Amino acid sequence: MGHMKIIRHMKDRRSANGMLSAAWRRSLSKSLLAWFKLSARDLPWRRTRDLYAIWISEIMLQQTQVATVVPYFERFVRRFPDVESLAAADEHEVLKLWEGLGYYRRARQLHAAAQQIAGEHGGQFPTSIDAVRSLPGIGRYTAGAILSIGLDQRLPILEANTIRVLSRLAAYRGDVNSGAGRQRLWDIAESILPKSDCGAFNQGLMELGSEICTPRSPACNTCPVVALCAAHRKDLVARIPGPTKSKNYQQVTEIAVVIRRGGNVLLRQCQRGERWAGLSKVCSGGQVERPCRSADRRQRARFGRPERGVGESAGHDETWSHPISDYPPRVRSGSCLTARPNREPWR
Ligand code: SF4
């Protein structure tokens, strides 16, 4: 009964410019903050207000799940406990600690940003939004997250979870990836910020999106803000966020040759300017237009015929893929080459 009363009370109460009303916003922050206080997961980066540690966690959490990030975060801040130690590190060591997290550009930018902070801010993580946004790899979301969580600055955030939560709360049916859709959601994110506790409020929104307001089966029956949710009231939850334009992935086909000798595999370190710069990979014969036959021809032209008995499709004909980058690799293994003793076929 009380629940129904709240729903009626909040129904369609919007201000003239279409933004959500003051009473709605007060109720949202009160309910969300109370829920977050009770339900927040205990995560290592939530036990500190250190801007450096929050920054590391925010960069690692981009495109990566919380459970995956926890051990990486702990290892990383143990080895590099502050800006100075990260700035002084060798890039190869930074990439090594990042190995397995994917999107390695994040690690390189983190390292470059630490060097910028050491050079321009005496090693102290900056506290103004403009200075933070001028660092490599930091956009509006990351800057807002670091400064609101660490210092309670009144800054909005917008990332995958909050995009979903806000578009449902406001029953926004436009394309959330379009310029207009993003602007609308940033405006909402800004307009609903409470006067204080912005760090907890922003984290509460993200937590709600991660734990309750999930993409496919949101748990509306246990949602702390169900009474304020326009999508729920209009029975539109399953249709929001609406369809978005799918991303155009670039198709690139490369020959990769695994060269073994005894129990060893020949690896080379990718140089600056290459796609996987700083990382190690098996030898590559470059890009080809057609994956199979031309790859085999070029492989032979460069490396000679595969050794008899090992040759093409040596029992490894399989395809797999993993979404770790803008070039999600699809690997088809088929041919392999084994170095004969005292002969180096890669020359
Ligand atoms: S009521 Fe459902 S759709 Fe609305 S915010 Fe809560 S979980 Fe999300």
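These numbers come from a predicted model, not from an experiment. (Residues numbered from 1 in each chain as written. Predicted model: local features only at pLDDT ≥ 70, side-chain atom pairs only at ≥ 80, totals over all residues.)

1. Let's talk about helix H3 (residues 51-61)
Side chains three or four residues apart in an α-helix point the same way, a direct result of the helix having 3.6 residues per turn.
Logical step 1: Counting buried positions along H3 gives 10 out of 11 residues, so the element sits mostly inside the fold.
Logical step 2: Of all the positions in H3, only Leu 51, Tyr 52, Ala 53, Ile 54, Trp 55, Ile 56, Ser 57, Glu 58, Ile 59 and Met 60 are classed as buried.
Logical step 3: Packing partners of the buried residues in H3 comprise helix H4 (66-79), helix H5 (83-88), helix H7 (105-120) and helix H9 (140-151).
Logical step 4: Gln 63 occupies a position one or two residues after H3 and carries a positive phi of about 65 degrees. (Buried ≥ 20, exposed ≤ 12 C-beta atoms within 10 Å, placed from the backbone. Helix = DSSP H or I, 4+ residues; strand = E, 2+ residues; numbered from the N terminus. Contact = placed C-beta atoms within 7 Å.)

2. What to know about the site of the ligand
Logical step 1: Around the ligand, 14 residues are found, and the nearest of them are Cys 213, Pro 218, Cys 220, Cys 223 and Cys 229.
Logical step 2: Within the residue set of the shell around the ligand, elements represented by two or more residues are helix H10 (160-169) and helix H13 (230-233).
Logical step 3: For the shell around the ligand, the element with the most residues is H10, which contributes three residues.
Logical step 4: Its residues placed into classes, the shell around the ligand shows 12 nonpolar, one polar and one charged. (Near = placed C-beta within 6 Å. Nonpolar A, V, L, I, M, F, W, Y, C, P; charged D, E, K, R; others polar.)

3. A closer look at the nonpolar core
Logical step 1: Trp 55, Ile 56, Ile 146, Leu 166, Leu 169, Leu 185 and Val 225 are the most contacted members of the largest nonpolar core, which totals 67 residues.
Logical step 2: In terms of residue count, H3 provides more of this core than any other element does, eight residues in total.
Logical step 3: The contacts of Leu 185, once residues within four sequence positions are left out, are Leu 158, Ile 163, Leu 166, Ser 167, Tyr 172 and Val 176. (Core = buried A, V, L, I, M, F, W, Y, C linked by C-beta atoms within 7 Å.)

4. Brief notes about unusual backbone geometry
Backbone phi values are negative for most residues with the exception of glycine, while trans is the configuration of most peptide bonds.
Logical step 1: With omega at 0 degrees, the peptide bond leading from Ile 240 into Pro 241 counts as cis.
Logical step 2: Along the chain, the position of Pro 241 falls in the loop between H13 and strand S1 (253-257).
Logical step 3: Even without glycine at this site, Gln 63 takes up a positive phi of about 65 degrees.
Logical step 4: Following the sequence through the fold, Gln 63 ends up in the loop between H3 and H4.
Logical step 5: We classify Gln 63 as partly exposed; it has 13 C-beta atoms within 10 Å.
Logical step 6: In this structure, Ala 171 is a non-glycine residue whose phi angle is positive, near 50 degrees.

5. Overview of the packing of H3 against H9
Packed helix pairs are specified by the crossing angle of their axes together with the interaxial distance, meaning the distance between the axes.
Logical step 1: Close contact between H3 and H9 brings their axes to 9 Å; oriented N to C, the two are set at 140 degrees. Considering their axes alone, H3 and H9 lie oblique with respect to each other. The two elements H3 and H9 cross, and the hand of that crossing is right-handed. Taken together, the residues of H9 that come into contact with H3 (itself represented by Leu 51, Ile 54, Trp 55, Glu 58 and Ile 59) are Thr 142, Ala 145, Ile 146, Ile 149 and Gly 150.
Logical step 2: By residue class, the composition of the contact of H3 with H9 is seven nonpolar, two polar and one charged. (Axes fitted to C-alpha atoms, helices over the stretch in contact; angles between N-to-C directions. Parallel < 35°, antiparallel > 145°, perpendicular 65-115°, else oblique. Left-handed = near helix turned anticlockwise from the far one by under 90°.)

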